[in-house]
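Coordinates in review
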Amino acid sequence: MPRYSLKGVIDEYRKEEASFTGDWEIELTRRLDQFTRPVDVLYRAIKLFDSGKHDRGERLLETWQKSFEGDATIYNLRAVLQENKGDHDKARDLYQEGRRIDPTDTDLMQNLFSFLLSRGETESALDVVGDIITLEPEPIHYINRAALRIRMGREGYLDDFREAFKLDPNSTENYISEMGRAAIENRSHLDKMVGVMEMCIDGRPAGTDIYLQLAHVYLLLNKQVDAKRTLEVGIDAAQSDADARILATNIALLDGNYTGALMLVEVLPKRTGFDGYKDIEEAVRGMLESRKIKEPPKPKMNIAEAVMTGSIIEMASKPKSEGTFQRNGEKPKRNDPCSCGSGKKFKKCCGNC
């Protein structure tokens, strides 16, 4: 039988239905009468289900599946429909029968994997995703197995992530970032996520989210030194000034330097033109307010601090006339009363500064 996926059939059906200018139902009937291909049966069934005629659609599939004994896609669609109706026993039977008919149909196996997970049958789901990887070694399948192994407390998840990285580093990093976010929100599997995210940044620059999330996990594990180290590594790997500032802001907050954090973050919107960074600035200001810390006057900065905060760039862009002092009137003589109003002679007062 030709190889195709249920999702692909449904997507193509939607495209054809949207572009067809005649009577779509008549066209589907004509195709079914003339061609009797599996895809024509599926198209007709989808139309019946869309019209609310579920029983007729189910009878159509049940009748035609005997004509296409080597095609598991009809079983796949029937199983999905039974699952949606809540008949899980029948859905399971259809998935298993479809898998027996075509053990290489990874599309059906992925739906079976999701079905087993939804039923809490993690051991069986782990076996299925292993079979999928054997047939189709794609990053998402390794990610699914790794996540399942973490949930079940099994070893081997780091090896799965490494294999996924080899195939597609960027998408794998995105999945890891999502998993890290979930671990932080649920306060679960934090020790394992440390290993996963450390692997993510080992020997290669990662996205800013990974460094921030790893630092967050370390803080939840009461490892502040490791959190700060992670942020410092992230600054070295940052691909933009804005990313470096966000990481540096978090370091300042870790050190309790809330004023320094505010100095770093308050220039982000004007530098990037992205107002979203104002949320970070408001959060830092909120920290200052919640801790009732009075913001001290900004001290004079040295060259390193000035470069860090962007002041050197801003000062260099100003006309020099803005920074020159111009005296109005004549300079007072040494024995004249001081112009500050102290009552002392100029030489004993401001003239002695």
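Residues numbered from 1 in each chain as written. Predicted model: local features only at pLDDT ≥ 70, side-chain atom pairs only at ≥ 80, totals over all residues. Heavy atoms only, no water.

**Structural notes on the overall build of the chain**
In terms of regular secondary structure, the chain is built from 20 helices and zero strands. Relative to its 353 residues, the chain shows a buried fraction of 39%. Taking all contacts inside the chain whose residues are at least 6 apart in sequence as the whole, residues at least 24 apart take part in 47%. Put simply, the chain shows about 20600 Å² of open surface, and 49% of that area lies on carbon and sulfur atoms. (Helix = DSSP H or I, 4+ residues; strand = E, 2+ residues; numbered from the N terminus. Buried < 20%, exposed > 50% of the residue type's maximum accessible area, 1.4 Å probe, protein only. Contact = heavy atoms within 4.5 Å. Areas by Shrake-Rupley, 256 points an atom, 1.4 Å probe, with all protein chains shown as cover.)

**Thoughts on helix α15 (residues 241-254)**
End to end, α15 covers 20 Å across 14 residues, agreeing with the expected 20 Å (1.5 Å per residue, within 8%). The element α15 is extensively covered by neighbouring structure, given that eleven of its 14 residues are classed as buried. For α15, every residue scored as buried is listed here: Ala242, Ala244, Arg245, Ile246, Leu247, Ala248, Thr249, Ile251, Ala252, Leu253 and Leu254. Regarding α15, its N-cap is Ser240, as a side-chain oxygen of that residue lies 3.1 Å from the backbone nitrogen of Asp243 further along. Following α15 by one or two positions, Gly256 has its phi on the positive side, about 80°. (Expected span 1.5 Å × (residues − 1). Polar contact = N/O pair within 3.5 Å; in protein donor to acceptor, adjacent residues only side chain to side chain.)

**Overview of the side chain of Asp107**
Tracing the backbone through its elements, the reader meets Asp107 in helix α7 (residues 106-118). Judged by its relative accessible area of 16%, Asp107 falls in the buried class. At a separation of 2.7 Å, a polar atom in the side chain of Asp107 contacts the main-chain amide nitrogen of Leu6. Once residues within four sequence positions are removed from consideration, Asp107 is found in contact with Ser5, Leu6, Lys7 and Asn76.

**Notes on the packing of α7 against helix α8 (residues 122-135)**
In the contact formed by α7 and α8, the axes pass within 8 Å of each other and the chain directions differ by 160°. Our classification of the angle between α7 and α8 gives roughly antiparallel. Considering how the two elements wind past one another, α7 and α8 form a crossing that is left-handed. Contacts between α7 and α8 involve Thr106, Met109, Gln110, Leu112, Phe113, Leu116 and Leu117 from the former and Thr122, Ser124, Ala125, Val128, Val129, Asp131, Ile132 and Leu135 from the latter. The residue makeup of the contact of α7 with α8, split by class, is ten nonpolar, four polar and one charged. (Axes fitted to C-alpha atoms, helices over the stretch in contact; angles between N-to-C directions. Parallel < 35°, antiparallel > 145°, perpendicular 65-115°, else oblique. Left-handed = near helix turned anticlockwise from the far one by under 90°. Nonpolar A, V, L, I, M, F, W, Y, C, P; charged D, E, K, R; others polar.)

**Some details on the nonpolar core**
Residues Ile150, Phe161, Ile176, Met193, Val196, Met197 and Ile210 are the most contacted members of the largest nonpolar core, which totals 34 residues. At the level of secondary structure, the elements contributing two or more residues to this core comprise α9 (139-152), α10 (157-167), α11 (169-186), α12 (190-201), α13 (208-220), α14 (224-237) and α15. A total of eight residues in this core trace back to one element, the largest contributor, which is α12. Those residues within four positions of Val196 in sequence are excluded, and the remaining contacts are Ile150, Tyr157, Leu158, Phe161 and Ile176. Counting residues in each nonpolar core, the second largest holds 19 residues, with Leu32, Leu42, Phe49 and Leu81 among its members. (Core = buried A, V, L, I, M, F, W, Y, C linked by side-chain atoms within 4.5 Å.)

**Some words on the pattern of salt bridges**
Two side chains that carry opposite charge are able to pair once their charged atoms sit near each other. By the definition in use, this model includes 25 salt bridges. Among the ionic pairs, Glu25 bridges to Arg44, the shortest N-O distance being 3.5 Å. Remark: Arg44 occurs in helix α3 (residues 38-50) and Glu25 occurs in helix α2 (residues 24-34); sequence separation between them is 19 residues. Between Glu173 and Arg204 there is a salt bridge whose closest N-O contact spans 3.2 Å. Here Glu173, found in helix α11, pairs with Arg204, found in the loop between α12 and α13; they are 31 residues apart in sequence, far enough to count as distant. Among the residues examined, Glu173 registers a relative accessible area of 11% and is labelled buried. Through salt bridges that share partners, Glu16, Glu27, Arg30 and Arg31 make up one connected network. (Salt bridge = Lys/Arg side-chain N within 4 Å of Asp/Glu carboxyl O.)

**Concerning the packing of helix α1 (residues 6-19) against α3**
For the pair α1 and α3, the least separation of the axes is 10 Å and the interaxial angle reads 70°. In terms of orientation, α1 and α3 fall into the roughly perpendicular class. Every residue of α3 that contacts α1 at Val9, Ile10, Glu12, Tyr13, Arg14, Glu16 and Glu17 is listed here: Val39, Leu42, Tyr43, Ile46, Lys47 and Asp50. Within the contact of α1 with α3, the residues separate by chemical class into seven nonpolar, no polar and six charged.

**Digging into the environment of Phe49**
Examined against the element boundaries, Phe49 turns out to sit in helix α3. As a C-alpha pair, Phe49 and Leu81 span 32 residues in sequence and 9.3 Å in three-dimensional space.

**So, the packing of aromatic side chains**
Summed over the entire model, instances satisfying the criterion amount to six aromatic pairs. Relative to Phe68, the ring of Trp64 lies with its centre 5.9 Å away and its plane at 20°, an arrangement referred to as stacked. A relative accessible area of 10% means that Phe68 is categorised as buried. One aromatic cluster in this structure is built from Tyr13, Phe20, Trp24 and Tyr43. (Phe/Tyr/Trp six-rings, centres within 6.5 Å; stacked < 30°, edge-to-face > 60°.)

**Looking at the confidence of the model for the chain**
Do not read the predicted coordinates in detail wherever pLDDT is low. In this model, the chain carries an average pLDDT of 78, and 74% of its residues clear a pLDDT of 70 or more. When pLDDT is averaged over each helix and strand of the chain, the minimum, 32, is found for helix α20 (residues 311-316) and the maximum, 95, for α8. Predicted confidence is poor over residues 292-329, with pLDDT under 50, and the contacts of this stretch with residues over four places away or in other chains come to 30 contacts. (pLDDT = per-residue confidence, 0-100.)

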